[in-house]
Amino acid sequence: MTDPSAGRGSARDVILARVRAATSDAPSVAYAPPAHAVTPGSVDLFVERVEDYRAFVERCAASDLGDRVAAAVEGCSVVVPEGLAFDVPGAVVDAGLSSLALDAIDAVVTEATVGIAETGTIVLDHRPGQGRRAITLVPDRHVCVVRADQVVADVPDAVAMLDPRRPITWISGPSATSDIELNRVEGVHGPRHLHVIVVGG
């Protein structure tokens, strides 16, 4: 008997090969997000909405960032992505750590791409300083640094800032779900603790 799935992989490979061949000489276009002005009060609203999700939020000057990050991960084993714009002493730089290795690490420190004031959402597109998706999902604590000038008013403004060719992760508070009796359980699909440090503004 013929395996009905046997031809699917080869058909997919043929189609993808044709797409690659058709686009092989297409010029590479760099994505440039539009400039935006920070709306007055948007950073305050962002902080308030992130706190509504039971995340811990603090604000600091750029000169205090290192101390605030160190305090946020004190006593924790820490992983950081390649290209992080600041140093986290004692942290392991992710170079493709396995899920098992990540599961043994307490915290991750990343930067963000955009913060959305209206929804209290943080968006990562996993460029340098943000790392691959696994490191933001497996450790139990995520410390995320958002610059005040990255905060936009709403979701349409955020979408305009994002490169659609990149993987995108939207984070609204710690990972949480509810059972049939509406009992909240945190940490099922990602970090139980979200610590957001807003720099500037």
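Here the structure is a predicted model, which means the values were calculated and not measured. (Residues numbered from 1 in each chain as written. Predicted model: local features only at pLDDT ≥ 70, side-chain atom pairs only at ≥ 80, totals over all residues. Heavy atoms only, no water.)

## Concerning helix H2 (residues 42-52)
Where H2 is concerned, the buried positions are Ser-42, Val-43, Phe-46, Val-47 and Val-50. End-on view of H2: buried residues confined to an arc of 140°, all on one side of the axis. Taken together, the buried residues of H2 touch strand E1 (56-60), strand E5 (114-116), strand E6 (121-124), strand E7 (141-147), strand E8 (151-152) and strand E12 (193-199). With its phi angle positive at about 70°, Arg-54 sits one or two positions after the end of H2. (Buried < 20%, exposed > 50% of the residue type's maximum accessible area, 1.4 Å probe, protein only. Helix = DSSP H or I, 4+ residues; strand = E, 2+ residues; numbered from the N terminus. Arc of directions from axis to C-beta. Contact = heavy atoms within 4.5 Å.)

## Description of the sheet that holds strand E2 (residues 78-80)
Spatial ordering of the open sheet is given by E1-E12-E7-E4-E2-E3, a layout of six strands whose pairing is parallel. Strands with a single pairing partner mark the edges of an open sheet, and in this sheet they are E1 and strand E3 (92-93). With seven bridges connecting them, E7 and E12 associate as parallel partners. Bridge pairing in E12 links Val-146 to Val-198. (Pairing = 2+ DSSP bridges.)

## With respect to the environment of Ala-70
Tracing the chain through its elements places Ala-70 in helix H3 (residues 65-72). Expressed as a C-alpha distance, the spacing of Ala-70 and Asp-87, which sit 17 residues apart in the sequence, is 9.6 Å.

## A closer look at the pairing of E7
Where burial is concerned, most of E7 is hidden: five out of the seven residues are buried. Looking at chain direction, strand E4 (residues 107-111) and E7 are connected through five bridges and run parallel. Its bridge partner lying in E7, Val-108 is registered against His-142.

## Quick look at the sheet that holds E5
Read across the open sheet, the four strands follow the order E8-E5-E6-E9; overall the sheet is mixed. Looking at which strands have only one partner, the edges of the open sheet turn out to be E8 and strand E9 (169-171). Both E5 and E6 contribute to a ladder of three bridges, which runs antiparallel. Looking at the pairing, Gly-115 lines up with Ile-122 of E6.

## Topic: unusual backbone geometry
At Arg-54, a residue that is not glycine, the phi angle is positive and equals roughly 70°. Here Arg-54 is to be found in the loop between H2 and E1. Phi is positive for His-126, close to 65°, though the residue is something other than glycine. Assignment of secondary structure puts His-126 in the loop between E6 and helix H5 (133-137). Residue class for His-126 comes out buried when judged on its relative accessible area of 11%.

## Focus: the pattern of salt bridges
Two side chains of opposite charge can pair, provided their charged atoms sit close to one another. Counted by the stated rule, this structure contains nine salt bridges. Residues Arg-132 and Asp-94 are paired through a salt bridge, measuring 2.7 Å at the closest nitrogen-oxygen approach. Residue Arg-132 is located in the loop between E6 and H5, and its partner Asp-94 is located in the loop between E3 and helix H4 (99-103); the two are separated by 38 residues in the primary sequence. Of the residues examined, Asp-94 reaches a relative accessible area of 8% and is grouped as buried. Salt bridges here are not isolated pairs; linked through shared partners, they connect Asp-125, Arg-127 and Arg-166. (Salt bridge = Lys/Arg side-chain N within 4 Å of Asp/Glu carboxyl O.)

## With respect to the nonpolar core
Residues Phe-46, Ile-122, Val-146, Val-196 and Val-198 are the most contacted members of the largest nonpolar core, which totals 18 residues. Elements with a contribution of two residues or more to this core: H2, E6, E7 and E12. In terms of residue count, H2 provides more of this core than any other element does, four residues in total. Within the second largest apolar cluster, 16 residues are counted, among which are Val-69, Ala-72, Val-88 and Val-199. (Core = buried A, V, L, I, M, F, W, Y, C linked by side-chain atoms within 4.5 Å.)

## Here's the deal with the confidence of the model for the protein chain
Model confidence for the protein chain is summarised by a mean pLDDT of 84, while 81% of its residues fall at 70 or above. Throughout residues 1-7 the model reports pLDDT below 50, and contacts reaching past four residues in sequence, or to other chains, amount to zero contacts. Low pLDDT, under 50, characterises residues 184-189; the predicted model gives this stretch 19 contacts beyond four residues in sequence or across chains. (pLDDT = per-residue confidence, 0-100.)

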